[in-house]
Amino acid sequence: MAGKIRLYPEELNDMSFEERKVHKEKLLRESIRYMYDNSPEYYQLRFKECGAEPGDIKTIEDLRKLPIFMDKDRERQSMEASLEKYGHPFGLHLCCDPADVVSTGGTSGTTGHPTYPYTQTKEDQGFLNEYVGFMLKLAGLGRGDRAFFLFPLGVYATSAILPGVEKAGILPLPLDIRLGPQLALEMVKWTRPTFWFTGSAIVEFYADLLKNKLGMDPKDLGFKCLLLTGEAGCGIPEVKKRVEDAFGCRWYDWWGPSLLNIAISCDSDEYHGLHNFAEDWDLTGEDLVDPVTKESIEIKDGAIGEIVGTHLRKKAAPYLRYATGDIVQVFTSECPGCGFKGYRLKPVGRADDMITVKGVNVFAGAIHKKLQQFVPRVTGHMRVIKEDPSSRITKLIIKAEYGEGMKDHLEELGKLEELGKEIKNAMKTELRINPTFEWVPPETLERPLRKPILFEKRY
Ligand SMILES: [Zn+2]
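Just so it is clear, the structure is predicted and the values come from calculations on it, not from any experiment.

1. Examining helix α11 (residues 415-431)
Alright, step 1. Between its first and last C-alpha, α11 extends 24 Å over 17 residues, near the 24 Å set by a 1.5 Å rise per residue.
Alright, step 2. Along α11, the positions that sit buried rather than exposed are Leu 416, Leu 419, Gly 420, Ile 423, Ala 426, Met 427 and Leu 431. Buried residues of α11 fall within an arc of 130 degrees about the axis and therefore sit on the same side. In α11, the exposed positions that point more than 90 degrees away from the buried face belong to Glu 417, Glu 418, Lys 421 and Thr 429.
Alright, step 3. Against the buried residues of α11 lie β17 (360-363), α10 (364-371), β18 (378-386), β20 (397-402) and β21 (436-440).
Alright, step 4. Looking one or two residues beyond α11, the residue adopting positive phi is Arg 432, at roughly 60 degrees.

2. Some thoughts on the environment of Lys 415
Alright, step 1. Take Lys 415: it is sitting in helix α11.
Alright, step 2. The exposure class assigned to Lys 415 is partly exposed, which follows from its relative accessible area of 28%.
Alright, step 3. Beyond its immediate chain neighbours, meaning those up to four positions away, Lys 415 contacts Met 406 and His 409.

3. So, the packing of helix α7 (residues 181-191) against helix α8 (residues 200-213)
Alright, step 1. Closest axis-to-axis distance for the α7/α8 pair is 12 Å, and the angle between their directions is 85 degrees. Between α7 and α8, the angle falls in the class roughly perpendicular. On the side of α7, the interface is formed by Pro 181, Ala 184 and Leu 185, while α8 contributes Phe 205, Tyr 206, Leu 209 and Leu 210.

4. Some remarks on the sheet that holds β20
Alright, step 1. Ordered by their spatial adjacency, 4 strands build an open sheet running β21-β20-β18-β22, and the pairing between neighbours is mixed. Lying at the two open borders of the sheet, with one neighbouring strand each, are β21 and β22 (455-457). The sheet shows a mean angle of 35 degrees between the axes of neighbouring strands, direction not considered.
Alright, step 2. Bridge count for β18 against β22 is 3 bridges, and the pairing is parallel. Along β22, the bridge assignment pairs Val 384 with Phe 455.
Alright, step 3. Along the sheet, α10 makes contact with β18, β20, β21 and β22, crossing β18 at roughly 155 degrees.
Alright, step 4. Across the sheet, α11 touches β18, β20 and β21, and the angle it forms with β21 is around 135 degrees.

5. So, the sheet that holds β17
Two orientations exist for strands paired in a sheet by backbone hydrogen bonds: parallel and antiparallel.
Alright, step 1. With respect to topology, 3 strands assemble into an open sheet ordered β17-β16-β19, the strand pairing being mixed. Every other strand in the sheet has two partners, leaving β17 and β19 (392-393) as the edge strands with one partner each.
Alright, step 2. Pairing geometry for strand β16 (residues 354-357) and β17, over 4 bridges, is antiparallel. By the bridge assignment, Val 357 is partnered in β17 with Val 360.

6. A few points about the side chain of Glu 75
Alright, step 1. Relative to the elements of secondary structure, Glu 75 occurs in helix α4 (residues 72-86).
Alright, step 2. Those residues in contact with Glu 75, other than ones at most four positions away along the chain, are Met 70, His 93, Thr 115, Pro 117, Tyr 319 and Tyr 322.

7. Brief notes about unusual backbone geometry
Alright, step 1. Look at the link from Tyr 8 to Pro 9: it is a cis peptide, with omega at 0 degrees.
Alright, step 2. Counting through the fold element by element, Pro 9 comes out in the segment before α1 (17-38).
Alright, step 3. Here the bond from Val 375 into Pro 376 is cis, since omega is 15 degrees, no more than 30 degrees from zero.
Alright, step 4. By secondary structure assignment, the location of Pro 376 is in the loop between α10 and β18.
Alright, step 5. Here Arg 432, not a glycine, exhibits a phi torsion of approximately 60 degrees, which is positive.
Alright, step 6. Note on placement: Arg 432 falls in the loop between α11 and β21.
Alright, step 7. Judged by relative accessible area, which is 60%, Arg 432 ranks as exposed.
Alright, step 8. Here Glu 443, not a glycine, exhibits a phi torsion of approximately 70 degrees, which is positive.
Alright, step 9. Along the chain, the position of Glu 443 falls in the loop between β21 and β22.

8. Side note on the side chain of Ser 268
Alright, step 1. With respect to the helices and strands, Ser 268 occurs in the loop between β8 (263-264) and β9 (274-275).
Alright, step 2. The exposure class assigned to Ser 268 is buried, which follows from its relative accessible area of 10%.
Alright, step 3. Ignoring anything within four residues of it in the chain, the contact list for Ser 268 reads Lys 240, Arg 250 and Gly 337.

9. Quick word on the packing of aromatic side chains
Alright, step 1. With the rule as written, the count across this model stands at 22 aromatic pairs.
Alright, step 2. When the centroid spacing of 5.8 Å and the interplanar angle of 50 degrees are considered together, the rings of Phe 127 and Trp 281 count as tilted. Taken together, the residues Phe 127 in helix α5 (residues 122-138) and Trp 281 in the loop between β9 and β10 (282-283) connect sequence positions 154 residues apart.
Alright, step 3. Trp 281 sits in the buried class, given a relative accessible area of 0%.
Alright, step 4. On the numbers, 5.5 Å between centres and 75 degrees between planes, the contact of Phe 197 with Trp 254 is edge-to-face. With Phe 197 in strand β5 (residues 195-199) and Trp 254 in strand β7 (residues 250-255), this pair connects stretches of sequence that are 57 residues apart.

10. Observations concerning the packing of α8 against helix α9 (residues 237-247)
Alright, step 1. Remark: α8 packs on α9, axes separated minimally by 10 Å, with the N-to-C direction vectors making an angle of 45 degrees. With respect to α9, the element α8 is oriented oblique. At the point where α8 passes α9, the crossing takes the left-handed sense. Mapping the contact onto sequence places Val 203, Glu 204, Ala 207 and Lys 211 in α8 and Val 239, Arg 242, Val 243, Ala 246 and Phe 247 in α9.
Alright, step 2. Here the residues of the contact of α8 with α9 are counted per class, giving 6 nonpolar, no polar and 3 charged.

Cut-offs and rules
- Residues numbered from 1 in each chain as written.
- Predicted model: local features only at pLDDT ≥ 70, side-chain atom pairs only at ≥ 80, totals over all residues.
- Heavy atoms only, no water.
- Helix = DSSP H or I, 4+ residues; strand = E, 2+ residues; numbered from the N terminus.
- Expected span 1.5 Å × (residues − 1).
- Buried < 20%, exposed > 50% of the residue type's maximum accessible area, 1.4 Å probe, protein only.
- Arc of directions from axis to C-beta.
- Contact = heavy atoms within 4.5 Å.
- Axes fitted to C-alpha atoms, helices over the stretch in contact; angles between N-to-C directions.
- Parallel < 35°, antiparallel > 145°, perpendicular 65-115°, else oblique.
- Pairing = 2+ DSSP bridges.
- Phe/Tyr/Trp six-rings, centres within 6.5 Å; stacked < 30°, edge-to-face > 60°.
- Left-handed = near helix turned anticlockwise from the far one by under 90°.
- Nonpolar A, V, L, I, M, F, W, Y, C, P; charged D, E, K, R; others polar.

Keep in mind these values describe shape, not function.
As structure tokens, this is what we get:
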């Protein structure tokens with residue numbers, strides 16, 4: 001049945017939690033040995049710096065005693081160094097011959113030059129194709145389906161999954177998003193894709209465009225599901241429900257598979273997070289740290305922290321204790337929606353969108369998420385105002401758009417104050433913040449289709 005999630009490969013389903021841990025720890029020891037032996041200028045150095053040896057790491061608990069070995073900045077430095085020294089962009093942590101790299105994909109490089117984390121050997125690609133095929137099967141997709149493939153960074157990161165899509169018997173119909181919505185809709189009309197592979201901000205944009213500007217029903221596009229990734233709407237139940245109602249089909253969140261986590265949400269009306277079904281590809285959910293201190297956080301049902309990833313099988317440029325900057329809430333209990341037994345992860349925010357208001361740490365992503373509960377009285381679009389570059393905020397001001405329907409009531413005294421008060425009370429209880437609202441009309445704030453903008457700089 002579509003959406004009922006099992007672990008992959010199948011044999012993992014016959015193992016108990018403890019047996020799976022033993023299995024993963026065997027892979028972990030082999031993977032660490034492999035990284036150490038094949039990356040003298042990166043992983044060997046990191047081990048030497050902290051005075052540890054690969055042989056010291058026998059369990060996941062041992063691994064969590066190591067310091068953070070890599071993050072985005074260090075990855076970039078490693079890549080700059082390999083480019084300068086060896087003329088390839090894959091980093092000093094590349095563990096194979098550069099000639100054995102069969103595919104790669106870059107990040108957007110919005111905060112520096114691009115990195116190439118989607119680097120694979122033929123063997124890596126083989127694994128990933130299997131995982132992608134399994135993920136598509138979970139969403140009820142396979143031979144004969146056609147995927148409308150539209151990503152802001154289509155030619156970079158997400159293309160790494162295309163071989164897996166093709167191998168599953170699905171025809172990808174890729175389009176460059178810069179060609180605009182008119183051509184995109186023409187393409188859908190003339191090729192009749194059965195589902196849509198895209199970003200969450202893009203479906204929100206199209207739902208609004210079709211319904212409110214073109215007078216069309218998004219259901220008429222005929223998609224049987226949406227496979228969405230991206231930071232803006234994924235993991236927010238209200239956004240998911242609105243889009244599902246608009247398109248008349250299920251929205252599945254998915255992650256990966258090239259960077260670290262390979263995961264998908266299940267076919268349930270209630271949102272139960274991303275199910276990490278490829279449990280023995282990497283450790284995701286087993287290793288969380290405090291985003292500020294980088295101290296380990298105890299893994300238990302409902303724990304919140306920054307994902308630290310470690311590959312268990314990857315051969316090209318694997319990660320070992322990589323602090324991803326992604327903050328999640330992890331669930332170890334069986335999924336109430338589908339009975340899945342592995343780790344489930346609900347996105348909370350990004351480490352770099354954390355602010356401190358009078359000693360309370362809060363993610364701008366969490367404020368954005370909370371605001372969605374008040375749609376349609378608000379549009380759901382907002383910015384947190386920053387008066388200086390620091391993450392400390394003395395007076396929390398949220399600039400937010402009131403909803404279309406509020407327009408006719410603006411003369412009614414105190415209507416917006418009343419709404420602000422209601423939202424403030426909800427935020428006070430759940431996020432322990434006490435914001436002031438600065439209201440602006442609908443469509444005032446830019447709607448980026450790529451990375452969400454959560455802050456407005458006033459400095
Ligand atoms: Zn589930």
